[in-house]
Amino acid sequence: MALISYAMNFAIGRVVRAHKWLYREIGDGHLLRYLSWTVYPVALLSFSSGFSQSITPSSGGSGIPEVKTILTGVVLEDYLDIKNFGAKVVGLSCTLATGSTIFLGKLGPFVHLSVMIAAYLGRVRTKTVGEPESKTKEMELLAAGAAVGVATVFAAPISGVLFSIEVMSSHFSVWDYWRGFFAATCGAFMFHLLAVFNNEQETITSIYKTSFPVDIPFDLPEIFFFVALGAICGTLSCGYNYSQRTFLFFLKANGFTSKLLATSKPLYSALAAVVLASITYPPGVGHFMASRLSMSEHLETLFDNNSWALMTKNSSPPWAAEPDPQKLWLEWCHPQLTVFGTLVFFLVMKFWMLILATTIPIPAGYFLPIFVYGAAIGRLFGEVLSVAFPEGIVAGGRVNPIMPGAYALAGAAAFSGAVTHTLSTALLAFEVTGQIVHALPVLMAVLAANAISQSFQPSFYDGTIIVKKLPYLPWIRGRQIGSHSVTVGHFMNCALTTLAKDMPLKEVIQVVIATDVTQYPLVETTESQTLVGVVKRTHLVQALQTEPASWAPGQQPCLQDILANGCPTQPVTLQLSPETSLHETHNLFELLNLQTLFVTSRGRAVGSVSWVELKKAISTLTNPPAPK
């Protein structure tokens, strides 16, 4: 994964530089420059959407919601097939080659790619060693693969493991912990090593360097401002997650857009790209939102120590014809709007532009854009403080100036953490910048943002799961819903189709034809209904098709005869009681990645519970029906 990530960055960097060269050398005519700016991303996104969707529909999007669903025990057909790999790599490369015009990243697709490789290596290992397939070993490999996907994007092994655990696991086995760290560390080390070998870096260093002072990085009164910034990021993240999910529902409900997304995905991608590229056109509206900077340059400038508002207080630097590599921060300074105007305009425009970009059916990651957006929120907050306290804050008889870059770092971690419902974004911010001097204020900002976000909205990835109608087990939030007082007997499925050992084969065949379940509960006798095991439908159908012809005339064979001839059965190792609470049942399903459980009373099979019954019971508690 490190080799793939580095090779992709190398190739994309060349393509982006070619686009900038074309835009710079094409002349001064506005029409030609506009066409060179917009046609490029439109063509790339159209190809990305058409190519990836023609190979397999599952190659589009982020990939994290589907991986999260798979790690809960749900089988998504062909999603981890290695044939998706090439489509995802080519489509993602085209997406990233559009640069900051479309403003998308690669974190989610790399998690999907890494998990695909892990699944493939698991299948190779099983065939090579000759062991039977094990669901437990497969999940161990997939969990390690998810950590590697994050680590090889940001070269951050520690936060890569923790982020993958927080986003994709409701419960995590400590046994898998060292495996994830080992794989993620190897991936991050190789990614850094390739940069050194190619003379891009002198030694192993952080991706986004900062130079915050170490002796007194912040004053104690500033803790309050960092917590306030976290509250602002948490509130804005609720609005972002709600708006994004609502817009996705609107696209599905609207007749025109739903038909376009179903039959002409490249056309929808091209239309969205035209809108986004036109707005970011530098001589136009893009002039006010630093559109000439790449996403990496956005972060490098936003993490700057100095206060731009104080540096430009008595002067208005002109807008340069080309960005100055030594003074990229001047792209945020507009003679009329000032620094505050450009940052506010950037935040307002990117809010809905990011939401629109997430609807394009292409392989793309959505974490880095919200990380940059959070950094802009923190930068604006820090610039306001630097103007409010131009001499700094007095603490202990010493005056220390406000550093807006530190607030940008806290904003990036807080907003991205609130959108994804994770705390490890704080550690990720430290690893990608190489700075940990602001550990306490950044952590407090992330905690404040998550406290607000998790109380009111599902995470970005959970919202996508809801919109895509993937198998999803909601959390039981809050004590007021009374999940402990509701028992299995209140919501279980009582219409249970059982097969008794003494049941005649004619009746067994009728049951198999009339139902389509994957497995049947096996009971001792029709009268006792004592649960003794489970028989899978595929095994039963195969046994019925190879029914022995040696039975004596007049003999009425029963299911027991089929079982005695080698039809395999499985024991019921775990079962519920009608008195088991909803809370305990929910914990069992999450902890063991279960899909269904049978309910017995004194050994007698009386019902079953699956995700359907659990979701309905939780929904009834959360939104009780109005009294008639």
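Every value quoted in this text rests on a predicted model; they were computed, and no experiment measured them. (Residues numbered from 1 in each chain as written. Predicted model: local features only at pLDDT ≥ 70, side-chain atom pairs only at ≥ 80, totals over all residues. Heavy atoms only, no water.)

**Re the overall build of the protein**
Turning to step 1, where the next piece is worked out: When helices and strands are tallied, the protein shows 25 helices and seven strands.
Turning to step 2, where the next piece is worked out: If you line up the protein on its principal axes, its C-alpha atoms span 105 × 55 × 55 Å.
Turning to step 3, where the next piece is worked out: Here the protein holds 628 residues, and 52% of them are scored as buried.
Turning to step 4, where the next piece is worked out: When contacts within the protein are restricted to residue pairs at least 6 apart in sequence, those whose partners lie at least 24 apart make up 76%.
Turning to step 5, where the next piece is worked out: On the protein, roughly 28,500 Å² of surface is accessible, and the fraction owed to carbon and sulfur atoms is 63%.
Turning to step 6, where the next piece is worked out: Distance between charge centroids for the protein: 5 Å, based on 39 positive and 38 negative side chains. (Helix = DSSP H or I, 4+ residues; strand = E, 2+ residues; numbered from the N terminus. Buried < 20%, exposed > 50% of the residue type's maximum accessible area, 1.4 Å probe, protein only. Contact = heavy atoms within 4.5 Å. Areas by Shrake-Rupley, 256 points an atom, 1.4 Å probe, with all protein chains shown as cover. Lys, Arg positive; Asp, Glu negative; His and termini not counted. Charge placed at Lys NZ, Arg CZ, Asp CG, Glu CD.)

**Looking at the sheet that holds strand S5 (residues 531-536)**
Turning to step 1, where the next piece is worked out: Taking strand neighbours across the sheet as the criterion, the three strands line up as S3-S4-S5 in an open arrangement whose pairing is mixed. On the outer flanks of this sheet lie strand S3 (499-500) and S5, each paired with one strand and no other.
Turning to step 2, where the next piece is worked out: Summarising the sheet, strand S4 (residues 519-523) and S5 pair through five bridges and their orientation is antiparallel. By the bridge assignment, Pro 521 is partnered in S5 with Val 534.
Turning to step 3, where the next piece is worked out: The strands touched by helix H22 (residues 537-545) within the sheet are S3, S4 and S5, with S5 carrying the most contacts at an inclination of about 75°. (Pairing = 2+ DSSP bridges. Axes fitted to C-alpha atoms, helices over the stretch in contact; angles between N-to-C directions.)

**A few points about the packing of helix H12 (residues 295-302) against helix H15 (residues 367-388)**
Turning to step 1, where the next piece is worked out: For the pair H12 and H15, interaxial distance at closest approach is 10 Å and the crossing angle is 25°. Judged by the inter-axis angle, H12 sits roughly parallel to H15. In the crossing of H12 with H15, the sense of the turn from one axis to the other is left-handed. Contact residues: H12 offers Met 295, His 298, Leu 299, Thr 301 and Leu 302, while H15 offers Leu 368, Pro 369, Phe 371, Val 372, Ala 375, Ala 376 and Arg 379.
Turning to step 2, where the next piece is worked out: In terms of residue class, the contact of H12 with H15 is made up of nine nonpolar, two polar and one charged. (Parallel < 35°, antiparallel > 145°, perpendicular 65-115°, else oblique. Left-handed = near helix turned anticlockwise from the far one by under 90°. Nonpolar A, V, L, I, M, F, W, Y, C, P; charged D, E, K, R; others polar.)

**A few points about the pattern of salt bridges**
Turning to step 1, where the next piece is worked out: Within this structure, the stated rule accounts for seven salt bridges.
Turning to step 2, where the next piece is worked out: Residue Arg 379 is joined to Glu 383 by a salt bridge in which the shortest nitrogen-to-oxygen separation is 2.8 Å. A residue pair is termed a helical-turn pair when its members lie 3 or 4 positions apart in one helix, as Arg 379 and Glu 383 do in helix H15 at four residues.
Turning to step 3, where the next piece is worked out: Look at Arg 379 and you get buried, because its relative accessible area is 0%. (Salt bridge = Lys/Arg side-chain N within 4 Å of Asp/Glu carboxyl O.)

**Focus on the packing of aromatic side chains**
Turning to step 1, where the next piece is worked out: In total, this model carries 24 aromatic pairs according to the counting rule given.
Turning to step 2, where the next piece is worked out: Ring geometry for Phe 288 versus Phe 345: centroids 6.0 Å apart, planes at 75°, classification edge-to-face. Placement of Phe 288 in the loop between helix H11 (265-279) and H12 and of Phe 345 in helix H14 (residues 338-358) is noted, with a sequence separation of 57 residues between them.
Turning to step 3, where the next piece is worked out: Cation over ring: Lys 106 sits above Phe 110, and NZ or CZ is 4.8 Å from the ring centre.
Turning to step 4, where the next piece is worked out: Here Lys 350 stacks its cationic end above the ring of Phe 103, 4.0 Å away from the centre of that ring. (Phe/Tyr/Trp six-rings, centres within 6.5 Å; stacked < 30°, edge-to-face > 60°. Lys NZ or Arg CZ within 6 Å of the ring centre and 35° of its normal.)

**Overview of the pairing of S4**
Turning to step 1, where the next piece is worked out: Among the five residues of S4, four are classified as buried, and the element is accordingly described as predominantly covered.
Turning to step 2, where the next piece is worked out: As defined by bridge partners, S3 adjoins S4 across two bridges and the pair is classed as parallel. Bridging from a neighbouring strand, Ala 500 pairs with Val 523 of S4.

**So, the packing of helix H9 (residues 222-253) against helix H10 (residues 255-263)**
Turning to step 1, where the next piece is worked out: Contact geometry for H9 and H10: axes closest at 5 Å, N-to-C directions at 85°. Of the possible angle classes, the one that applies to H9 and H10 is roughly perpendicular. Within the contact between the two elements, H9 uses Phe 250, Leu 251, Lys 252 and Ala 253 and H10 uses Gly 255, Thr 257, Ser 258 and Leu 261.
Turning to step 2, where the next piece is worked out: Of the residues in the contact of H9 with H10, the class split is four nonpolar, three polar and one charged.

**Observations concerning the UniProt feature "transmembrane region" (unreviewed entry) in the protein**
Turning to step 1, where the next piece is worked out: Residues annotated by UniProt as "transmembrane region" (unreviewed entry) correspond here to residues 141-165, 177-197, 218-242, 267-290, 337-360, 366-385, 406-430 and 436-453.
Turning to step 2, where the next piece is worked out: Across residues 218-242 one finds 84% helix and 0% strand; the C-alpha atoms that close the span lie 34 Å apart.
Turning to step 3, where the next piece is worked out: Helix makes up 54% of residues 267-290 and strand 0%, whereas the separation of the span's terminal C-alpha atoms amounts to 28 Å. (UniProt positions renumbered as here; feature names shortened; annotations may be inferred.)

**Section: the nonpolar core**
Turning to step 1, where the next piece is worked out: Counting 117 residues, the largest nonpolar core has Leu 142, Phe 154, Leu 302, Phe 303 and Phe 367 as its most contacted members.
Turning to step 2, where the next piece is worked out: Sort the elements by how many residues they give to this core and H15 lands first, with twelve residues.
Turning to step 3, where the next piece is worked out: Apart from the residues lying within four places of it in its own chain, the contact partners of Phe 303 are Tyr 208, Thr 210, Phe 212, Phe 371, Ala 375, Arg 379, Gly 405, Ala 408, Leu 409, Ala 412 and Thr 433.
Turning to step 4, where the next piece is worked out: Val 512, Val 534, Val 535 and Val 572 belong to the second-largest nonpolar core, a separate cluster that totals 23 residues. (Core = buried A, V, L, I, M, F, W, Y, C linked by side-chain atoms within 4.5 Å.)

**A look at unusual backbone geometry**
Turning to step 1, where the next piece is worked out: Non-glycine residue Thr 338 carries a positive phi angle of around 65°.
Turning to step 2, where the next piece is worked out: As for its placement among the helices and strands, Thr 338 is situated in helix H14.
Turning to step 3, where the next piece is worked out: Within the chain, His 421 stands out as a residue other than glycine whose phi angle is a positive 60°.
Turning to step 4, where the next piece is worked out: Residue placement: His 421 occurs in the loop between helix H16 (404-420) and helix H17 (425-433).

**Notes on H14**
Turning to step 1, where the next piece is worked out: Its 21 residues give H14 an end-to-end C-alpha distance of 30 Å, which sits within 8% of 30 Å, the value for a rise of 1.5 Å per residue.
Turning to step 2, where the next piece is worked out: Along its length, H14 shows its largest kink, about 30°, at Lys 350. (Expected span 1.5 Å × (residues − 1). Bend = angle between axes of the 7 residues up to and from the residue.)

**Here we look at the domain arrangement of the protein**
Turning to step 1, where the next piece is worked out: Examined at the domain level, the protein breaks down into domain 1 (1-468) and domain 2 (488-547 + 554-622).
Turning to step 2, where the next piece is worked out: Taking only C-alpha atoms into account, the centre of domain 1 sits 46 Å from that of domain 2.
Turning to step 3, where the next piece is worked out: Between domain 1 and domain 2, the contact holds six residues from the first and five residues from the second.
Turning to step 4, where the next piece is worked out: Each partner contributes to the roughly 520 Å² buried at the junction of domain 1 and domain 2, and carbon and sulfur atoms together form 55% of this total.
Turning to step 5, where the next piece is worked out: Considering only the side of domain 1, the residues that lose the most area to domain 2 are Thr 72, Ser 170 and His 171, jointly responsible for 67% of the buried surface there.
Turning to step 6, where the next piece is worked out: At the boundary of domain 1 and domain 2, one finds zero salt bridges.
Turning to step 7, where the next piece is worked out: The interface formed by domain 1 and domain 2 includes one residue pair in polar contact (both at pLDDT 80 or more).
Turning to step 8, where the next piece is worked out: Of the residues belonging to the side of domain 1 that touches domain 2, the class tally is two nonpolar, four polar and no charged. (Domains from an automatic or database assignment. Buried area = accessible area lost by both parts, 1.4 Å probe. Polar contact = N/O pair within 3.5 Å; in protein donor to acceptor, adjacent residues only side chain to side chain.)

**A word on a nonpolar patch on the surface**
Turning to step 1, where the next piece is worked out: A cluster of nonpolar residues, Trp 21, Leu 22, Ile 26, Leu 31, Leu 32, Leu 35 and Val 39, forms a patch on the protein surface that exposes about 640 Å² of accessible area.
Turning to step 2, where the next piece is worked out: Broken down by secondary-structure element, the contributors of at least two residues to the nonpolar patch are helix H1 (2-25) and helix H2 (30-55).
Turning to step 3, where the next piece is worked out: The residue Leu 22 is located in helix H1 in this model. (Patch = residues over 30% accessible without salt bridge, like charges linked within 9 Å, V, L, I, M, F, W, Y side chains within 5 Å.)

**A short note on the environment of Leu 80**
Turning to step 1, where the next piece is worked out: Among the secondary structure elements, Leu 80 is positioned in the loop between helix H3 (64-70) and helix H4 (83-96).
Turning to step 2, where the next piece is worked out: Exposure remark for Leu 80: the relative accessible area of 11% places this residue in the buried category.
Turning to step 3, where the next piece is worked out: Excluding residues that lie within four positions of it along the chain, Leu 80 makes contacts with Ile 70, His 112, Val 115, Met 116, Ala 119, Arg 123 and Leu 142.

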